[in-house]
Amino acid sequence: MADNNPIYQLTQAGRQAWESQDSAVPEDYRRILWLMDFHGQDNVLAELLRRYPRNVLDEWLLEMEELGLIEPAQAGGPAFSSREADRTQALDQASVRKETSEAGTALARTGAYISADRLNRRPAPRKAPADTVVLIVEDDPDQLALADLRVSMSGYKVRVAATVNAFLHSMLDDGPPDLLLLDVMLPDGNGFDVLSKMRRHAVLGALPIVMLTSENEPEDIGKGLLLGADGYITKPYTKNILSDVIRRVLKQDKA
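Because the structure is a prediction, the values reported are computed rather than measured.

1. Quick notes on the pairing of strand β4 (residues 133-137)
And then number 1: Of all five residues making up β4, five are buried, and the element is well covered by its neighbours.
And then number 2: Of the two faces of β4, both are covered, the one formed by V133, L135 and V137 as well as the one formed by V134 and I136.
And then number 3: Alignment of β4 against strand β5 (residues 157-161), held across five bridges, turns out to be parallel. Looking across to β5, one finds that V133 is bridged to K157.
And then number 4: On the question of chirality, the crossover connecting β4 to the parallel β5 by way of helix α7 (residues 141-153) is right-handed.
And then number 5: Pairing between β4 and strand β6 (residues 179-182): four bridges, direction parallel. Paired with L135 across the two strands is L180, which belongs to β6.

Laid out in structure tokens, this is it:
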């Protein structure tokens, strides 16, 4: 795109289009909107140009602007802003505080916590472990290799991603996994932001997500629960802890 082209931000309609997978919006447009919302224009532009010819992308962005999906960003405003509202204020804070306390106790004792409320709403299992795909998002090479080994030893199929960008590509190219193991601190994003955006998605919002992180302060635990994490595992951890959490979140029988 030419340097003098406008910097865009998502409109509310644009955000809703990718969150709801609105079939009236072309799939390529929804893909672009998703990437924009996660990354912002500067970070996603090079990737879009690898997928689409420059002239085509220029015309698509203009058409998306005409459709009201994106708009020129205001000076000093965030590029491709999702204008995300703080939805946590609408939740039952007393319940959250109670669950955060319970989670902190469980994490201190066992290194793992599963949200009973979300588990109770989890549908019955449909796949055996050998057919279950776990996507691990972790930037530390040693931790990624360790998680890969332990998930594989537990009998699951594994996909890996070291960045938010790699996670997005895995989702776009290979489809959603059966469960997501998600670190918090990532080089190009934050796992809590990924969790929040995934939970807003009409199709992907119910994807089982377990936070696998060294962030174990009460505010971190509470944030993960507020945003809809199914489980929480703190490092260091064992294979048995990891496999038990995955099995319980997916409601799979013991081997």
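Anyway, onward from the coordinates.
2. Overview of the sheet that holds β6
And then number 1: Judged by pairing direction, the sheet is mixed, and its six strands sit side by side in the order β3-β10-β9-β6-β4-β5 without closing on themselves. The open sheet has two edge strands, β3 (112-114) and β5, and neither has a second partner. On average, each strand axis in the sheet is inclined to that of its neighbour by 15 degrees, with strand direction left out of account.
And then number 2: The sheet strands contacting helix α9 (residues 191-200) are β6, β9 (209-213) and β10 (231-234), and the helix crosses β9 at an angle near 175 degrees.

3. Concerning the packing of aromatic side chains
Two descriptors summarise a pair of aromatic rings, namely the distance from one centre to the other and the angle between the planes of the rings.
And then number 1: Applying the stated criterion to the full structure yields three aromatic pairs.
And then number 2: Taking 6.3 Å as the distance between ring centres and 35 degrees as the angle between the ring planes, the aromatic pair formed by W18 and W34 counts as tilted. On the criterion of sequence distance, the pair formed by W18 in helix α1 (residues 12-20) and W34 in helix α2 (residues 27-39) is long-range, its members being 16 residues apart.
And then number 3: Their ring planes at 65 degrees and their centres at 5.7 Å tell us that Y29 and W60 sit as a pair that is edge-to-face. Linking Y29 in helix α2 with W60 in helix α4 (residues 54-66), this pair joins segments that are 31 residues apart in sequence.
And then number 4: Residue class for Y29 comes out buried when judged on its relative accessible area of 4%.
And then number 5: Following the ring pairs from residue to residue traces out a cluster consisting of Y29, Y52 and W60.
And then number 6: Directly above the ring of Y237 sits R150, whose terminal nitrogen or CZ lies 4.8 Å from the centroid.

4. Concerning the confidence of the model for the chain
Should the pLDDT be low somewhere, the predicted coordinates at that spot are not to be read in detail.
And then number 1: Of all residues in the chain, 87% have pLDDT values of 70 or greater, and the mean over the chain is 84.
And then number 2: Note that pLDDT drops below 50 for residues 78-91; the model gives that stretch 34 contacts with residues more than four away or on any other chain.

5. Comments concerning the packing of α1 against α2
And then number 1: Running from N to C, α1 and α2 point in directions that differ by 110 degrees, and their axes come no closer than 9 Å. When the interaxial angle is binned, α1 and α2 end up roughly perpendicular. Contacts from G14, R15, A17 and W18 in α1 reach R30, L33, W34, D37 and F38 in α2.

Parameters and conventions
- Residues numbered from 1 in each chain as written.
- Predicted model: local features only at pLDDT ≥ 70, side-chain atom pairs only at ≥ 80, totals over all residues.
- Heavy atoms only, no water.
- Buried < 20%, exposed > 50% of the residue type's maximum accessible area, 1.4 Å probe, protein only.
- Helix = DSSP H or I, 4+ residues; strand = E, 2+ residues; numbered from the N terminus.
- Pairing = 2+ DSSP bridges.
- Right-handed = clockwise from strand over helix to strand, strands pointing away.
- Axes fitted to C-alpha atoms, helices over the stretch in contact; angles between N-to-C directions.
- Contact = heavy atoms within 4.5 Å.
- Phe/Tyr/Trp six-rings, centres within 6.5 Å; stacked < 30°, edge-to-face > 60°.
- Lys NZ or Arg CZ within 6 Å of the ring centre and 35° of its normal.
- pLDDT = per-residue confidence, 0-100.
- Parallel < 35°, antiparallel > 145°, perpendicular 65-115°, else oblique.

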